[in-house]
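# Breakdown of the fold
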Amino acid sequence: MVLLPAELQRVGIPPIKCQGIKSKLVAFIGESVRWNGEGRWIEPFLGSGVVAFNLLPPNALLADSNCHIIRFYQAIQQGTIDRLIVQTFLTQEGRKLQTIGAEYYYEVRDRFNQSASSLDFLFLNRACFNGIMRFNRRGKFNVPFCRKPLRFSQSYITKIANQVNWVAQQMSRTQWEFRVAPWSEIVQEAQSTDFVYLDPPYIGRHTDYYSAWTMADAEQLAIVTQQLPCGFAVSMWLENQHRKNDHIQQHWAELELRLFQHYYHVGATENWRGEMTEALLIKPEFAI
Ligand SMILES: C[S@@+](CC[C@H](N)C(=O)[O-])C[C@H]1O[C@@H](n2cnc3c(N)ncnc32)[C@H](O)[C@@H]1O
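Residues numbered from 1 in each chain as written. Predicted model: local features only at pLDDT ≥ 70, side-chain atom pairs only at ≥ 80, totals over all residues. Heavy atoms only, no water.

### Considerations on the site of the ligand
- Close contacts around the ligand come from 24 residues, with Lys22, Ser48, Asp64, Trp183 and Asp199 the closest.
- Separating a nitrogen atom of the ligand from a backbone N or O atom of Ser65 is a distance of 3.2 Å.
- Summarising the interface, the protein chains cover 97% of the accessible area of the ligand, which totals 600 Å² for the free molecule.
- Looking at the shell around the ligand, its residues break down into 14 nonpolar, seven polar and three charged. (Near = heavy atom within 4 Å. Polar contact = N/O pair within 3.5 Å; in protein donor to acceptor, adjacent residues only side chain to side chain. Areas by Shrake-Rupley, 256 points an atom, 1.4 Å probe, with all protein chains shown as cover. Nonpolar A, V, L, I, M, F, W, Y, C, P; charged D, E, K, R; others polar.)

Right, dumping it as C-alpha cells:
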C-alpha cells in the first residue's frame, strides 16, 4: 500500500478555521512526502484538521492541546453533531444575531466560556473577527465580533453544514482517534511504521492560540522530533518580506527542505500579511 505521494484533485475545507490553516499547502504536502501508510498518521498539532481530512490516512492519532477543537471533532465522529444539527443551530442563532446584533455575539461568547459547548464554539469560530482562534491566560475565548450581524446567511450556513458532513464522511471511512494532549505526550507513541506530521504554532506568532508557544518549546520539538523512530515532516514558515526564520538553519539543518510560496492574509498586523515562504522539513528517506 502507498498512501503518499498523493495527487489531490480538490482540497476539502473543514468547518473549523484557525491561524496557520494549511488548506493551500495540503496538495504540496501530499506531493512532497513518501510513506506507505502501514502505520498510523500522527498529527499532534491538528488545528482545523485540513491535512488529515484530505490525505485520509486509514489509521490516525489526531491531537491538539485545544480541547474545544478535539471535542468538536469527537462530537462529529460520535454523531452528536451532524449536518442537520448544525443547520438548525446556526439558523436559530444566526437569526438572533441578525435581530440583536453584536450584543448577541458577546452573549454566546460568555455562554461558551461558561459551558464550552461545541456548537457555540463553531458559531464563534465562524462569526469572530478574522476567523482568529484566541484564548486569554484563563483559557477564555476572547476574539471580538466580526461586526457582520448578517453573517449567517442561508448559503453560509449550508456551506458550514456541508463542511461538517464532509468531515463526518471522511471519519466514517477511517479509524481515527482524536485526543486532547500536549504534543510531547503524543509523539512518544510513535512506532517505526508511523508517520508524524507536525505543524506547531509559528515562533513569534500565534502565541495565544490556546497554549503559549515559546522558543524553548520550538527547540525541544526539534530535538525530540529528530529522534523519532519513524518518518516525519514539519511545517514552518521560512521567510516573508520582513523576516527570516533562523530557527530552521539552527535546529533543522539535516533535513530535506521543500518550499512553497503563498499569500498570507490572516494576521493582526501588517507585518504578518503578504507573501510568505513556507518550509516543509522532511526526514530525508521520506522526501520526494
Ligand atoms: C499551526 S496550528 C495547526 C494548523 C493545522 N495544521 C491546520 O492546517 O489547520 C497549531 C496548533 O497547535 C496547537 N498547539 C499549540 N500548542 C500545543 C501544544 N503544546 N501541544 C499540542 N498542540 C498545541 C494549537 O492549538 C493549534 O491548533
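### Considerations on the domain arrangement of the protein chain
- Domain annotation for the protein chain reports domain 1 (26-65 + 181-286) and domain 2 (80-165).
- For domain 1 versus domain 2, the distance between C-alpha centres works out to 28 Å. (Domains from an automatic or database assignment.)

### Some points on the state of the cysteines
- Within the structure shown, the criterion is met by zero disulfides.
- Residue Cys67 stays outside any disulfide, its sulfur separated by 15 Å from that of Cys18, the closest cysteine.
- We classify Cys67 as buried; its relative accessible area is 12%.
- No disulfide involves Cys146; its nearest neighbouring cysteine sulfur is the one of Cys128, lying 7.6 Å away. (Disulfide = S-S within 2.5 Å. Buried < 20%, exposed > 50% of the residue type's maximum accessible area, 1.4 Å probe, protein only.)

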